[in-house]
Amino acid sequence: MPLNDPDRLFPVEPRLRAIARMLYDSVKDLPIVSPHGHCDPGWFAKNERFPNPAELFVVPDHYVFRMLASQGVALEDLGLPRVDGGPVETDPRAIWGRFAENYHLFRGTPSAMWLDHSFEHVFGLTEVLSRDTAEAYYTAIDAKLATPEFLPRALFESFNIEVLATTEGALDDLASHTAIQQSGWSGRVVTTYRPDAVVDPEFEGFADNIAAFGELTGEDTMSWTGYLAAHRARRAFFKTMGATASDHGHPTARTEDLPRTDVERLFQKCLDGTASPQEADAFRGQMLTEMARMSLDDGLTLQIHPGSRRNHNGPVFERFGRDKGFDIPGRTSYVDALAPLLNAVGMEPDLTVIVFTLDETTYGRELAPLAGAYPVLKLGPPWWFFDSYEGIQRFREATTETCGFYNTAGFNDDTRAFCSIPARHDVARRSDCAYLAGLVGTGRLREADAIEVARDLTYQLAKDAYGL
Amino acid sequence: MPLNDPDRLFPVEPRLRAIARMLYDSVKDLPIVSPHGHCDPGWFAKNERFPNPAELFVVPDHYVFRMLASQGVALEDLGLPRVDGGPVETDPRAIWGRFAENYHLFRGTPSAMWLDHSFEHVFGLTEVLSRDTAEAYYTAIDAKLATPEFLPRALFESFNIEVLATTEGALDDLASHTAIQQSGWSGRVVTTYRPDAVVDPEFEGFADNIAAFGELTGEDTMSWTGYLAAHRARRAFFKTMGATASDHGHPTARTEDLPRTDVERLFQKCLDGTASPQEADAFRGQMLTEMARMSLDDGLTLQIHPGSRRNHNGPVFERFGRDKGFDIPGRTSYVDALAPLLNAVGMEPDLTVIVFTLDETTYGRELAPLAGAYPVLKLGPPWWFFDSYEGIQRFREATTETCGFYNTAGFNDDTRAFCSIPARHDVARRSDCAYLAGLVGTGRLREADAIEVARDLTYQLAKDAYGL
Amino acid sequence: MPLNDPDRLFPVEPRLRAIARMLYDSVKDLPIVSPHGHCDPGWFAKNERFPNPAELFVVPDHYVFRMLASQGVALEDLGLPRVDGGPVETDPRAIWGRFAENYHLFRGTPSAMWLDHSFEHVFGLTEVLSRDTAEAYYTAIDAKLATPEFLPRALFESFNIEVLATTEGALDDLASHTAIQQSGWSGRVVTTYRPDAVVDPEFEGFADNIAAFGELTGEDTMSWTGYLAAHRARRAFFKTMGATASDHGHPTARTEDLPRTDVERLFQKCLDGTASPQEADAFRGQMLTEMARMSLDDGLTLQIHPGSRRNHNGPVFERFGRDKGFDIPGRTSYVDALAPLLNAVGMEPDLTVIVFTLDETTYGRELAPLAGAYPVLKLGPPWWFFDSYEGIQRFREATTETCGFYNTAGFNDDTRAFCSIPARHDVARRSDCAYLAGLVGTGRLREADAIEVARDLTYQLAKDAYGL
């Protein structure tokens, strides 16, 4: 018996299953377009082997280690590096063993589906991971990782990736991207402009970042004009490394379009470190509108990822730093928040703004009505906790009736877990085909149209929304 | 192959489909009760032909033109009149062509289902609308519109409408309604009292409206007593034109029950134009309670439609005015907001208050618990963006378990798109029967009870809730 | 035909139904673990017969009488005692008749399912309750209630209850529990520490309660140290009566972890009656963290039931008092609210905090991400209005993908309607098996794992979470 049901995620009712399978067969071999994610471009620049199964599947994956933590496994025992450099588990087999013996915790989660897909379709494993099979798993995966077929570039090619976008900060020198470009390798890996560290006054080291931003660009980033010019310069540089988009991770979706004098005053307070939390939020909001205006000139797609309350647990943040599974979504508002940006540039025909959410209540109430009216707006796919079968069904059910398919932006895998990329796209394709099968079966979509829509959701919408 | 699947919206599983079809067959021919909508009573007063297909299907339907706008079609190119009288497209064939070539945008939306229903069942068309069939569609529809069978009164009769409620402002002279009454035509078209323009201090021209309100009624509307008397007079007049309900479209669901002296002071500030936004909201809230008290005397059902953020896009509003697809829902609260009204009159046995929402999160959390306790409260059907198959499923799934069926108020089509009325009622009937079939199939409702409930949802609950 | 479909709540599709039935068969006979509820321990202490059908099914069940009230039946006519002792219906047959003739109001609600289950499986009735069968029902139930098999202890045993937790206030003498312990009866009935009356400064008679709390424990409850010591003493006493948990019903989920001097000042204001509503909320929040700290010592599981707006209708509260069906949920926030408690004790391996919600929007956005990260947190089952088939599906669909099954706490019946206990557990078991069948059918869960999960959801998770 295979580890993964070949008909997984399709409806069980035979007629619907047949439709879903037909739709899936029409899209399953399309190349992967991955317009937003967090893979390390160094993998493809250096093309060195991945160190071991634990470093591949456990240590970098916050979906995996936070679930283990939630049942009392200490992050130290999973090998997560401490900020203070203190001792943590260094034996990858011990880490792997802890993961394997707790694998039942992932029952019913997308992580289990992604992992089992990788285990079977990337590594050829067919037993269920458990305490009993942990050792055999480790040995098998580790042996494969030592072979040329499992080097990063070879995997990229075998995954059938047409283009992969990574995400780099505004201060990044993009050396790995340069190395990839100069290497002669044909794989398309592009960067994305993510300037949070020089846009968010509450970011660690903001003042220093702004100074570095000035040095890097030769602009006077202590003046508003110079600061904007520095952004323009870095955006242009990122474009030479393939960037077609910027990305912004803010606590709220607030945008502002303030008068010039107010903005300059606000900017100075941010530089001085005297901005209140509300003022910091206003500045971030102003910068979204500024970025949208730059996009009118340089064509970058603007992505907004708002609403995560980062580092919810103080002790974990102090000991292990950012991105350790303790980022929790919060209620997020879009209607009033996006109004300044949309009043400024919302009707522009050549701008694309992709909005994401961690607050599903906004799909039907706010985001679909906005995207179903404003030409610039497209809805990003279900993000993070909602990148899952149920998450995708809820997204489609809550948005399609109001904004249709063509105001959505295809799929993002948004991952730093490289081996999960085929699995994540496969889950998305199956989930969308399952949804479309339901529409066809209930007379809400013609079969011929569904085939076209399936291809668009899988491939074309992402290419169009990101200009790839 | 018909344009519309005869079994559309029914569950696919054969046993459930059979139950749904049986239930639907039992209600599909019941007359249409349309207790809330926005048709122009002038159509039935004058009984003139509809001008052309674009004027019938595109120009008045904000569902249709906002979707086209969201993909970059200019509203001018769809013939929407500009506030400044500037040039817009005047060729209905050109407008129709733009609509037709973008018809794929509506895939998976209720608009597609309503339009296809109208195309096939009203106009006898069986090809799919597209760029290729646009011309044939236009010619066929235009030809039918020229025949007596397609005059407004004939359509009203062929649609099997038992009663149609329109909505008129407090200052309206109801001339069309008078003309219909005097015409001898047997069609029942009634008005609804919608006094927003003289209740909302933020309405355009509020002070002038209050003055006109005084002239019209002979009451001193600059005094609180006279102002209330004017409402009573207009409500009585509206009742002579068939009104059985009032309707109130407020930004929030706030109600108030303030002491008399506070109300008088607040009213004066509203008249003076010195009320703050919060005071304006308080005044609107007070007026809901006042209207409820008048309903105790005159028996009008009170409808509350809260929560739309009107005219979200400034430039569109300035150029095209109200109701142009840029009204976006926002978060809406009911529990504290309705408390003053419900503490004042919530236990009255002879009052009916129908509450609507654009915030689906309130169905299970707020509205069903309130309606499942207070005798005066009934829940209106899914409104606007949620008048759809999925919207109806979510409504029933989130409310039935808490407040049952008998605290809901049947279906509203709420439309100004006359030809969509049969389609909208058909979608609602099918969607409710699909939901009921699920209950029967899973042993949650006896089949005999389901037949009774299907009839109540289709016909009786609307008649009872609106006193029609 | 039986009153209840033997396959109720299972999916209709034959393959899914077979899986669901198989899973259900594997758990249906497991003993009932009821770790949270509101039965009267006096029933089991005294073991006297239940007085009559109306007192058993109508008068104590706020689900039942609020639905009747919502359609205009006066609470007086249902025999609900008035606060002022004024006249209400005293004839149980008349009350029963009113209930029976309105039984159609419960169509599609869990109440109908619970009632029909009790009628058939406890009382052997097979006709549908209605005006026509009201008399026969009354006679049959009343006759059974007179027999030894229908005394409380006998029912407890025939219901196959392994353990039943009741809920008592901090000032309760637990006399009934003592009597049960001393009676030699083998039934396990345990108490739960519910100190709202001495924790909530807005509780009726708070100052008097604090004084009584001091007398009862011999502690100086006017001092912060003595007050905490009094809690510790009562918790210890409750543990001798079997308690394994405390429970806290607060209007919000707010927690605080304030400096000692601030807490002492706040406590004094609460004692003085000078605390503002915000300060009262802060004090309640501080006490949750204090209770969590006590739990670190004494091992009691901490339950938080936040978000009910109690006594929404003033006139009903004045006439009939608390718990009369007019408690309405409101929007509730957890992410910021729980942060102080979770930063203080969230990573403790030996503490269990079970959080409930009446705001389903928090399942996916807040609660599952929190429970999927913090070791102390477990999610309570769907509560109150959401203890239902659809409520359970939404809960599982919104939480499982993020926090899995093992961060949830099994089922609670949370009822004061004793005869509904088997019915409620049966609905939960069927609903969970239906959900699991969907996972198995769509390749998201292996069948062998589903069998294990079904048992855990039914039995083991509740025992573990509550230390029973």
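Residues numbered from 1 in each chain as written. Chains lettered and ligands numbered in written order. Predicted model: local features only at pLDDT ≥ 70, side-chain atom pairs only at ≥ 80, totals over all residues.

What to know about the overall build of chain A
For chain A, the count of helices and strands is 20 helices and eleven strands. By the compact-globule yardstick of 23 Å for 468 residues, chain A fits well, its C-alpha radius of gyration being 22 Å. Taking the intrachain contacts of chain A between residues at least 6 apart in sequence as the baseline, contacts between residues at least 24 apart amount to 76%. (Helix = DSSP H or I, 4+ residues; strand = E, 2+ residues; numbered from the N terminus. Rg over C-alpha atoms; globule rule 2.2 N^0.38 Å. Contact = placed C-beta atoms within 7 Å.)

Description of the sheet that holds strand S2 (residues 161-165) of chain C
All names here are of chain C. In space, the three strands of this open sheet follow the order S1-S2-S4, with parallel pairing throughout. Both edges of this open sheet fall to strand S1 (32-34) and strand S4 (189-190), since each of them pairs with a single strand only. Where S1 meets S2, three bridges bridge the pair, whose relative direction is parallel. Along S2, the bridge assignment pairs Ser-34 with Leu-164. (Pairing = 2+ DSSP bridges.)

A few points about the interface of chain C and chain B
How large an interface is tends to be reported as the accessible area lost when its parts come together. In this assembly, 41 residues from chain C lie in contact with 39 residues from chain B. The set of elements that each furnish at least two residues to the side of chain C that touches chain B consists of helix H4 (62-70), helix H6 (110-122), helix H15 (314-320), strand S9 (328-329) and helix H18 (389-403) of chain C. A per-element tally of the side of chain C that touches chain B places H4 of chain C first, with four residues. Looking at the side of chain C that touches chain B residue by residue, the classes come out as 16 nonpolar, 14 polar and eleven charged. (Nonpolar A, V, L, I, M, F, W, Y, C, P; charged D, E, K, R; others polar.)

Remarks on the relation of the copies chain C and chain A
Between the two copies, chain C and chain A, the superposition gives an RMSD of 0.0 Å; the rotation angle is 120° and the shift along the axis is 0.0 Å. The transformation just described matches what one would write down for a three-fold rotation axis. (Least-squares fit on C-alpha atoms with pLDDT ≥ 70 in both.)

Some details on the relation of the copies chain C and chain B
Superposition record for chain C on chain B: RMSD 0.0 Å, screw rotation 120°, translation along axis 0.0 Å. Take the interface residues of chain C: only 5% of them recur as interface residues in chain B, which is what a contact between different surfaces looks like.

Examining the pairing of strand S6 (residues 245-248) of chain C
Residue and element names in this part refer to chain C. Going residue by residue along S6, you find Ala-245 and Asp-247 tucked away on one face and Ser-246 and His-248 tucked away on the opposite face as well. Where S6 meets strand S7 (residues 301-304), four bridges bridge the pair, whose relative direction is parallel. When the sheet's bridge partners are listed, Ser-246 is paired in S7 with Leu-302. (Buried ≥ 20, exposed ≤ 12 C-beta atoms within 10 Å, placed from the backbone.)

Considerations on the packing of helix H1 (residues 14-27) of chain C against helix H20 (residues 447-466) of chain C
Residues and elements named next belong to chain C. Between H1 and H20, the shortest axis-to-axis distance is 9 Å and the interhelical angle comes to 50°. For the element pair H1 / H20, the angle class is oblique. The handedness of the crossing between H1 and H20 is right-handed. Packed against H1, whose contacting residues are Leu-23, Ser-26 and Val-27, the element H20 presents Ala-450, Ile-451, Ala-454, Arg-455 and Thr-458 at the interface. Split into classes, the residues belonging to the contact of H1 with H20 amount to five nonpolar, two polar and one charged. (Axes fitted to C-alpha atoms, helices over the stretch in contact; angles between N-to-C directions. Parallel < 35°, antiparallel > 145°, perpendicular 65-115°, else oblique. Left-handed = near helix turned anticlockwise from the far one by under 90°.)

Brief notes about the domain arrangement of chain A
Residue and element names in this part refer to chain A. As assigned here, chain A comprises domain 1 (14-48 + 151-466) and domain 2 (50-150). The distance between the C-alpha centroids of domain 1 and domain 2 comes to 27 Å. Counting residues at the interface gives 21 residues for domain 1 and 21 residues for domain 2. Per element, the largest residue contribution to the side of domain 1 that touches domain 2 is five residues, and it comes from helix H19 (residues 421-441). Considering only residue class, the side of domain 1 that touches domain 2 consists of nine nonpolar, four polar and eight charged. (Domains from an automatic or database assignment.)

A short note on the pairing of strand S7 (residues 301-304) of chain B
Where a strand is regular, its side chains alternate between the two sheet faces. Residue and element names in this part refer to chain B. Alternating residues of S7 divide into Thr-301 and Gln-303 and Leu-302 and Ile-304, and every residue in both groups is buried. Across three bridges, the pairing between S7 and strand S10 (residues 353-355) is parallel. Directly across from Gln-303, in S10, lies its bridge partner Ile-354.

Quick look at helix H5 (residues 92-101) of chain C
What H5 of chain C keeps buried is the set Ile-95, Trp-96, Arg-98, Phe-99 and Ala-100 of chain C. Lining the buried residues of H5 of chain C we find helix H3 (53-57), H4 and helix H7 (134-145) of chain C.

A word on the environment of Gly-404 of chain A
With respect to the element layout, Gly-404 of chain A can be found in the loop between helix H18 (389-403) and H19. Residues within four places of Gly-404 of chain A in sequence aside, it is in contact with Met-67, Leu-105, Phe-106, Arg-107, Gly-108 and Thr-109 of chain B.

Focus: the interface of chain C and chain A
With 39 residues of chain C at the contact, the number on the chain A side is 41 residues. Of all the secondary structure elements, the ones that give two or more residues to the side of chain C that touches chain A are H1, helix H16 (335-345), helix H17 (362-371), H18, helix H19 (421-441) and H20 of chain C. Of the residues that constitute the side of chain C that touches chain A, the class distribution is 18 nonpolar, 13 polar and eight charged.

Looking at unusual backbone geometry
In this structure, Asp-414 of chain B is a non-glycine residue whose phi angle is positive, near 50°. Assignment of secondary structure puts Asp-414 of chain B in the loop between helix H18 (389-403) and helix H19 (421-441). Positioned with a positive phi, Leu-174 of chain C is a non-glycine residue whose angle comes to about 55°. Assignment of secondary structure puts Leu-174 of chain C in the loop between strand S3 (168-169) and helix H9 (175-183).

A few points about the sheet that holds strand S1 (residues 32-34) of chain B
Strand order in this open sheet of three strands is S1-S2-S4 (chain B), and the pairing throughout is parallel. Where the open sheet ends on each side, the last strands, each with one partner, are S1 and strand S4 (189-190) of chain B.

Focus on H1 of chain C
Residues and elements named next belong to chain C. Across its 14 residues, H1 extends 20 Å between first and last C-alpha, which sits within 8% of the 20 Å expected from 1.5 Å per residue. Within H1 the residues assigned to the buried category are Leu-16, Ile-19, Ala-20, Leu-23 and Tyr-24. Here the buried residues of H1 occupy an arc of 130° about the axis, which is enough to place them on one side. Contact partners of the buried residues in H1: H19 and H20. (Expected span 1.5 Å × (residues − 1). Arc of directions from axis to C-beta.)

Some details on the environment of Glu-360 of chain B
Secondary-structure assignment places Glu-360 of chain B in the loop between S10 and helix H17 (362-371). Residue class for Glu-360 of chain B comes out buried when judged on the 23 C-beta atoms lying within 10 Å of it. C-alpha of Glu-360 of chain B to C-alpha of Trp-383 of chain B: the two residues are 23 residues apart in sequence and 9.8 Å apart in space. Glu-360 of chain B has contacts with Gly-364 and Arg-365 of chain A together with Phe-386 and Arg-394 of chain B, leaving out every residue within four places of it along the chain.

What to know about the packing of H5 of chain C against H7 of chain C
All names here are of chain C. In contact at an axis separation of 9 Å, H5 and H7 are set at 130° when each is read in the N-to-C sense. In terms of axis orientation, H5 runs oblique to H7. Taken as a pair, H5 and H7 cross one another with a handedness that is right-handed. Contact residues: H5 offers Arg-93, Trp-96, Gly-97, Ala-100 and Glu-101, while H7 offers Ala-134, Tyr-137 and Tyr-138.

Points about the environment of Ala-112 of chain C
Residue and element names in this part refer to chain C. Residue placement: Ala-112 occurs in helix H6. Remark: the alpha-carbon pair of Ala-112 and Val-64, spanning 48 residues in sequence, is separated by 9.3 Å. The contacts of Ala-112, once residues within four sequence positions are left out, are Phe-106 and Arg-107.

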